[in-house]
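# Secondary and tertiary structure notes
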Amino acid sequence: MKLLPLYSLSTGLKIGKQFLAEKFFPLSDDSPYITLHASSGMPSKNYPYFNEVFSILIPILSSNNIKVYQIGAKEDSPINGCIHLMGQTSLHQSNFLLKRALIHIGNDSWSQHRAGHIGVPVIDLFGPTAEANHSPYEHTQNSIFLESHRWGRNPSFSNQEPESTIALIPPEEVVNSVLKLLGATITLPRESLYIGPRYVQPSLEWIPDAVLDPNFAPNQPVLARLDLGGDENNLFQTLSARKLHIFTKIPINLNGLAQFRGNVELLIIEFTKNNLITKEFIKAVKSIGIKIQCISYELDSEELSNKRLEFFDYCQINKVTHKTREDFIYAAKRYQNLKEWAFTPTQSTWFRSNKFLLARGKIYLSKFHYLADLPTQDFGKNVSQMVDHEDFWREQEYFYVFNQELKT
Amino acid sequence: MDPSKRAEMGKLSRLWAKENYDLELNCKKIEEFIDSLPLVDWDTINLDTPKSNPNYQLPENFRDLSDDSFIKLLYKEILNREPDDGGYKNWSTQLANKAPREQIYQFFIKVATDEGKKDVKTDIWDIIDKDRPNKRGLITLKESIGDLILITQLFESFHEQYPQTDLYICCEPKFFDIFDGNPYVHKLIPYQSIFEQEMAMISSSQDSSNTLFHHFFLPGIGSQRHLNYLSNSNPILPK
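Our subject in this report is the structure included herewith. Position labels on residues start from 1 in each chain and follow its written sequence. Note on labels: chains are lettered from A, ligands numbered from 1, in written order. Totals for whole chains, interfaces and linings use all residues, but because this is a predicted model, local features are given only for residues with pLDDT of at least 70 and pairs of side-chain atoms are given and counted only at 80 or more. Water and hydrogen atoms play no part in the side-chain values, which are based on all heavy atoms of the structure.

## Concerning the overall build of chain A
Across its full length, chain A carries 13 helices and 18 strands. Along the longest, intermediate and shortest principal axes, the C-alpha atoms of chain A span 75 × 50 × 50 Å. Relative accessibility decides the category of a residue: with a 1.4 Å probe and only protein chains considered, values under 20% of the type maximum give buried, values over 50% give exposed, and everything between is partly exposed. Per-residue burial over chain A gives 53% buried out of 408 residues. The contact rule is simple, with two residues in contact once any of their heavy atoms fall within 4.5 Å. Sequence-distant contacts in chain A: of pairs separated by 6 or more residues, those separated by 24 or more amount to 58%. Summing over all exposed atoms, chain A offers an accessible surface of approximately 18800 Å²; the carbon and sulfur share of this is 50%. Positive and negative charge centroids in chain A, built from 41 and 42 side chains respectively, lie 5 Å apart. Strands here are runs of E lasting at least two residues and helices are runs of H or I lasting at least four, both read from the DSSP assignment and numbered beginning at the N terminus. Surface accessibility follows the Shrake-Rupley procedure with a 1.4 Å probe radius. Residue values consider only the protein chains on display as shielding. We score Asp and Glu as negative and Lys and Arg as positive, and we do not count His or the chain ends. Lys charges are placed at NZ, Arg charges at CZ, Asp charges at CG and Glu charges at CD.

## A look at the packing of aromatic side chains
Two aromatic rings, drawn from Phe, Tyr or Trp (for Trp, its six-membered ring), form a pair once their centres lie within 6.5 Å of each other, and the interplanar angle then sorts them: stacked below 30 degrees, edge-to-face above 60, tilted otherwise. Throughout the structure, instances matching the rule amount to 34 aromatic pairs over all chains. Ring centres 5.2 Å apart and planes at 75° place the aromatic pair Y47 of chain A and F50 of chain A in the edge-to-face group. The same class applies to Y47 of chain A as to F50 of chain A, namely buried. Three or more aromatic residues joined by ring pairs make a cluster, and in this case those are Y194, F328, W341, F343, F351, F392, W393 and F399 of chain A. Definition used: whenever NZ (Lys) or CZ (Arg) falls within 6 Å of the ring centre and also within 35 degrees of the ring normal, the charge is taken to sit over that ring. Sitting over the face of the ring of F402 of chain A, R190 of chain A holds its NZ or CZ atom 4.0 Å from the ring centroid. Of note, R101 of chain B hangs over the ring of F70 of chain B, and the distance from its end group to the ring centre comes to 4.7 Å.

## Here's the deal with the packing of helix 3 (residues 91–99) of chain A against helix 4 (residues 110–117) of chain A
Residue and element names in this part refer to chain A. To define axes, lines are fitted to C-alpha atoms, for helices over the stretch in contact only, and angles between the resulting N-to-C directions are given on a 0 to 180 degree scale. It is at 10 Å that the axes of helix 3 and helix 4 come closest, and there the two elements cross at 45°. By the angle between their directions, the pair helix 3 and helix 4 is classed as oblique. Judged by the sense of rotation from one axis to the other, the crossing of helix 3 with helix 4 is right-handed. Two secondary-structure elements touch here, helix 3 through L91, S94, N95 and L98 and helix 4 through W110, S111, R114 and A115. Across the contact of helix 3 with helix 4, the residue classes tally to four nonpolar, three polar and one charged. Each angle is binned into one of four classes, with values under 35 degrees roughly parallel, values over 145 roughly antiparallel, values of 65 to 115 roughly perpendicular, and all other values oblique. Helix crossings are classified by the rotation of the near helix relative to the far one: an anticlockwise turn of less than a right angle makes the crossing left-handed, while a clockwise turn makes it right-handed. In this classification, the charged set is Asp, Glu, Lys and Arg, the nonpolar set is Ala, Val, Leu, Ile, Met, Phe, Trp, Tyr, Cys and Pro, and all remaining amino acids, among them Gly, are polar.

## Some points on the interface of chain A and chain B
Facing the 42 residues of chain A at the interface are 36 residues of chain B. When two components associate, each loses some accessible surface as probed by a 1.4 Å sphere; the sum of these losses over both components is called the buried area. Ranking the residues of chain A by area buried against chain B places Y7, L13 and F19 of chain A at the top, with a combined share of 21%. Pairs of N or O atoms are called polar contacts if they sit within 3.5 Å, as long as, within protein, a hydrogen donor faces a hydrogen acceptor (for residues adjacent in sequence, only side-chain-to-side-chain pairs). Linking chain A with chain B are eight residue pairs in polar contact (both at pLDDT 80 or more), by the criterion used here. Secondary structure elements with two or more residues in the side of chain A that touches chain B: helix 1 (3–11), helix 3, helix 4, helix 5 (131–134) and helix 10 (301–310) of chain A.

## Digging into the environment of F281 of chain A
Residue and element names in this part refer to chain A. Secondary-structure assignment places F281 in helix 9 (residues 279–288). What makes F281 buried here is its relative accessible area of 4%. Placed 122 residues apart in sequence, F281 and N403 show a C-alpha to C-alpha distance of 48 Å.

## Considerations on the pairing of strand 9 (residues 222–225) of chain A
Residues in a regular strand point their side chains to alternate faces of the sheet. Residues and elements named next belong to chain A. Side chains V222 and A224 project from strand 9 onto one buried face, and the interleaved L223 and R225 project onto a second face that is buried too. At least two bridges found by DSSP between two strands is the condition for calling them paired. Note that strand 8 (residues 203–206) and strand 9 share three bridges and pair parallel. Looking at strand 9, one finds that E205 is bridged to L223. Where strand 9 lies against strand 10 (residues 244–248), three bridges are found, and the strand directions are parallel. Bridge pairing in strand 10 links R225 to F247. Look down the strands so they point away from you; if going from the first strand over the helix to the second traces a clockwise path, that crossover is right-handed. Handedness of the β-α-β unit built from strand 9, helix 7 (residues 232–239) and strand 10 comes out right-handed.

Here it is in structure tokens:
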């Protein structure tokens, strides 16, 4: 049962016309537009890949003179390519915008109920809630409701989900729904195979083989990969101007760390089989007041046990494992809700990376691409052919993998 | 690990745990702590919460006061109490670090204002328009925006079924603008849990004018409190 009939049933009152005041909101021109509401009352209801969707749609919409107005609260994440009106419109002004929209797109939220009632076609996405209960009571016949497969489970109705269910809706389904409602004859011939849990958040890594420009992405966290190369001078010069996370397998000059300790967000220390990290180093770093995290990929359980005993009074060493091809296949099957899946990458299998490794004055999409010296031209060109290689699989959580006929 | 080394480490661990977490040892520490506290005469102590004063104005010479006097003044005049150790230390540090006195004053005023809000007791009879000849109906739905927009679709029917009845809506004040200009809504009431208690809302005497609300609806009881509408034993699996 949907919400409104339930309210009617429990009160004994008939369902009539919805009332919500409308207030004029000045728009820069009379171009046709669609509205996007990318937030809702529950974080788990929010679709995380609207940036992906609109990176594909915006060029198509722009060429047809169609704009996208993003409505919502001022703290909502802005979606690239949209005109951001979050926090700038009152409820009644948002209502004004909805009424004139070609289409309304969003998660399960109030704007869907309103748009549906006033006859605007909606594209409504459901993860922890269900179309059966929470879709608008009234809506146009061509409205589209996209529901997560949720591995066949009932909706969680939970504010926070251990694994996001709404994230299981493939971006191409949203894109193609918009194109369909706009009467377009084209579709996006894409098949999403897997989207890693860290893909949604851009990630920057840098090998300190040169000083990092202090004006480069100043508010973006950067992880300095001392384990992959570079030298301490570049590290400390960069640290003098910006905050960094640091990853190392070897001790770092303590005077330098002490001098710039305010800019060291976190020091990640890896213990290897040929370990050079000493108790004195850990003790000194902690005494400086730098936050540390100790991990080990290489040590087996016996070695790790001994190392933990040795460093018992200084730090806790966490065992971490590298992701493998098998991990990818398992995760991709879960993403697609398939019991069996023969993974056969082709010339049309691509990945998009939201992780960038800066080294040698170039931009690389993964550690594999760095080691093979296969840079990309700029941050906007972050799609490349998928690689079936151990180093590639290690960073899979940052990738979006899909099949699509693309020009190389 | 070598078994003999493991045994040795186990022995050391047990010894360490005994020395630090022994029950008798810890009880002794608690006993010593209690004994060290000053004697309090609970028969004469006043347990009433002192009233704060959010309207207090700083004296003109507040910049001339020492940090110590300024802090004690704020506590005494605005919060009506002596400073606690943690609070005193915090404000002393802030003042030593050149925090503006006006800013600290504003913080105290905010605390006093918030404390004052907690003390407010609403008399429901003061909220309703009891002098009007109409009967009164109440719909209580605490939140949220989508649900409150949906229930506006029931208002027309309310007026058809209950003519000459003023419709009151009780919800969180942040949602009041949903009902702006709604011709069916007589008055909005800031949500308090009492407005969900049917017995309290419809309590009446033989004199109808002494009835708080003649009609009372709690639509959210089936959607926000009890979720059986979601399935009624039928799983809602995705399509």
